[in-house]
Structure formats: C-alpha cells, structure tokens
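Residues per chain, in single letters:
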Amino acid sequence: MIFISYTFIVLTLISHAIAGDPYSLPNMTYKTDIGYYYNMPVRIYGLYAYNTNSAPAISPFNPIYVFLRGAGDDTTNVLQPSVVDFIPGDDGYSDLKRVTIVTGVTDSSGTIKSYDDLKKLGNKVRTIESDIYVNLPVVGFSAKLEFPSDGPEMFGYYKGVQFRYFNFGINPAGNATAPIYHVYAKNGTQIAAIPGTIPGLSNYSGIWNIYNLTVTDVTVPITSYNQIANLEKVFSGIVSNCPVSTTTLTGFSGPNSKKRSRK
Ligand SMILES: *[C@@H]1O[C@H](CO)[C@@H](O)[C@H](O)[C@H]1NC(C)=O
Ligand SMILES: *[C@@H]1O[C@H](CO)[C@@H](O)[C@H](O)[C@H]1NC(C)=O
Ligand SMILES: *[C@@H]1O[C@H](CO)[C@@H](O)[C@H](O)[C@H]1NC(C)=O
Ligand SMILES: *[C@@H]1O[C@H](CO)[C@@H](O)[C@H](O)[C@H]1NC(C)=O
Ligand SMILES: *[C@@H]1O[C@H](CO)[C@@H](O)[C@H](O)[C@H]1NC(C)=O
C-alpha cells in the first residue's frame, strides 16, 4: 500500500491591522503542497486567503491600471509600471485583478504612482475595463516562490510607493472561482487535497472555494475526485488563492484524457 505524506497548505490569513504598507507584507517563501487531479500529482501554492460564509461563484477582484499607448496594444508592452489601489491589509483586497487599460498618458503626465495621480489627469486619459483577469498576488519585497518561474517578480505603484507582486498571469476562468476539496480523516487530520481543475483547462481558476470532507476508509489513498464524488462536502468558509504550479504539470487534462501519468 502507498503512503503519501502531507504537509498541508498553511493559508496566509493576513491580518487587517496595518493597512496599506508594502513593507509590512511577509517575506516568506511560498512552498507547494501535493494535490491530485484524477491521479496526477500537482503542486499547489497557498497565497492570500479570506473568510466568507458562503462559497462565491465570482471572486472579488481589484482593478490593476495598465498603461498602454493604444487600447488594443499588447498588455505586456506598457509605458510605465502598473498601479493598484489595494494591497493586503486593505479591506476588499484580492489577488485577482481586472486589467483596466489606461490610454492617453504622455511624457508631460509624469510617472503615475497612485490611483489619485491617475484621477488628477481627469479626462486627459481614458480608462477601459477589460474582460482580462490576472492572478497577481501582492507580496513582501523579499518573498519567494518555490518555483520562481511560476510567477515572475514585478513591481508596480501603490499610493505613491512601489509594491511587489508575482505575475501568475491570466486566470483562464476570468473572475470565476473553482472548487478544491480538502479531505480529512475522522480524527481531523488532513490526508489529501483534490483540486477541481488544473492549468491548461478553460475552467481553471487560481481562486478556490475550499470544501471539507471526511472519509471513513483511510486505507486507500485519495488521489482522484472519483473517490469522493458521492461524499458530503461542506464549504470551509475559506476562499484562497492557491495557484497550481505549471512547472511540474505533464499535460494531463482530465478523466477522459488518454494521457494518464500514473495508475
Ligand atoms: C521584507 O524585506 C524587505 C527588503 O527586501 C524589507 O524592507 C521589509 O521590511 C521586509 N518586511 C518585513 C515584514 O520584514
Ligand atoms: C465577471 O466576468 C464576466 C465575464 O467577463 C462579466 O460578464 C461579469 O460582469 C463579471 N462579474 C462581475 C461581478 O464583475
Ligand atoms: C489521524 O488519522 C490519520 C489517518 O489514519 C493518521 O495518519 C494520523 O496519524 C492520525 N492522527 C492522529 C493525531 O491520531
Ligand atoms: C473542468 O474541466 C474539465 C475538462 O472539461 C472537467 O473534467 C472538470 O470536471 C471541470 N472542473 C470543474 C470544477 O467543473
Ligand atoms: C474545514 O476545515 C478547516 C481546517 O480543519 C476548519 O478550520 C474548518 O472549521 C472546517 N470547516 C467546516 C465548515 O467544517
């Protein structure tokens, strides 16, 4: 029989005591934990989490102002670093951001370092809310990822100062959440994590509604949703940004996929 060892995601429920100080954000190294998607092991980070009574279908999100020459330009070809008005510690903060395109800034506008700077430009600039949602956790200046290529480090501006974020890229499911199942033994020990989707699928979202469930038979490792499909699942009260690492994915796409990485 196979024994799987777990050191489970320590969710970072960030205290809202100190609002808006990029220097107060923890400089931790975000490690992954193993989960299983239809028997395929996947590595899952644990980033920003918050409590809520019911599981939201749509994740909260904040705007990120992206400065482009023209509305149709490549969103990576920016004129200056992007601006946000929310970081962890601010009420309503979310790692998920809606790309809001700003056009019309010129050299004479100077560097825009805050939402207030942007507002001062009034109708000299145009802002366009896109349908692109990106997973950009704002983190401490020395925070690291276990696999750095999962989320390249970038800087932006917030209320006149720099902040740092990991760029996990476009959230394929847009503003939608996805389910992840935390499986517990009867004694309350977590024995498995089963994400409902993985990167590469159109329903993949890094923002998860966490559901708890308990299994009575712990002799069989839980590595597939098929094993828990009929069990009762209770929303845990936690929504969390837990991106699945793409560095270790093998291209498997689901229960009907021909390519099975593991029996
Ligand atoms: C994190 O590291 C940066 C330097 O990279 C430092 O300025 C900041 O104070 C540190 N944050 C905490 C909470 O220690
Ligand atoms: C979520 O995204 C969809 C598709 O872009 C959009 O129609 C909807 O208005 C968004 N929901 C919210 C609450 O913004
Ligand atoms: C709880 O049950 C799990 C699964 O049988 C076992 O691995 C773990 O050691 C148990 N923990 C405690 C504290 O009894
Ligand atoms: C996501 O899409 C895949 C492939 O279509 C499907 O197998 C899986 O059940 C979907 N996940 C959820 C949570 O709906
Ligand atoms: C889900 O599990 C977590 C971790 O054990 C626990 O804190 C929480 O109370 C559980 N939620 C429910 C609704 O059982």
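Because the structure is a prediction, the values reported are computed rather than measured.

Participant: I tried to follow the side chain of T197 on my own but got confused; where do I start?
Facilitator: Mapped onto the fold, T197 is located in the loop between β14 (190-195) and β15 (207-215). Among the polar contacts listed, one links the side chain of T197 to the side chain of N203, at a separation of 2.5 Å. Once you skip the residues sitting within four places of it in the chain, T197 turns out to touch Y37, A178, N203, Y204, S205 and W208.

Participant: It is not clear to me how the pairing of strand β13 (residues 178-185) should be interpreted in this structure. Could you clarify?
Facilitator: Looking along a regular strand, one sees side chains alternate from face to face of the sheet. With respect to burial, β13 is a largely interior element, 6 of its 8 residues being buried. The pairing of β13 with β15 spans 8 bridges and is parallel. The residue of β15 that forms the bridge with I180 is I210. As paired elements, β13 and β14 share 5 bridges and run antiparallel to each other. Looking at the pairing, V183 lines up with A192 of β14. Hairpin geometry of β13 and β14 is characterised by an intervening segment of 4 residues between the two adjacent antiparallel strands and by a positive phi of about 90° at G188.

Participant: Before we go on, may I ask you to explain the site of ligand 1 in this structure?
Facilitator: Surrounding ligand 1, one finds Y23, S24, L25, N27, F141 and S142. For ligand 1, a nitrogen atom lies 3.1 Å from a polar atom in the backbone of Y23. A distance of 2.4 Å separates an oxygen atom of ligand 1 from a polar side-chain atom of N27. If ligand 1 stood free it would expose 360 Å²; the protein chains cover 51% of that surface.

Cut-off values and rules
Residues numbered from 1 in each chain as written. Chains lettered and ligands numbered in written order. Predicted model: local features only at pLDDT ≥ 70, side-chain atom pairs only at ≥ 80, totals over all residues. Heavy atoms only, no water. Helix = DSSP H or I, 4+ residues; strand = E, 2+ residues; numbered from the N terminus. Polar contact = N/O pair within 3.5 Å; in protein donor to acceptor, adjacent residues only side chain to side chain. Contact = heavy atoms within 4.5 Å. Buried < 20%, exposed > 50% of the residue type's maximum accessible area, 1.4 Å probe, protein only. Pairing = 2+ DSSP bridges. Near = heavy atom within 4 Å. Areas by Shrake-Rupley, 256 points an atom, 1.4 Å probe, with all protein chains shown as cover.

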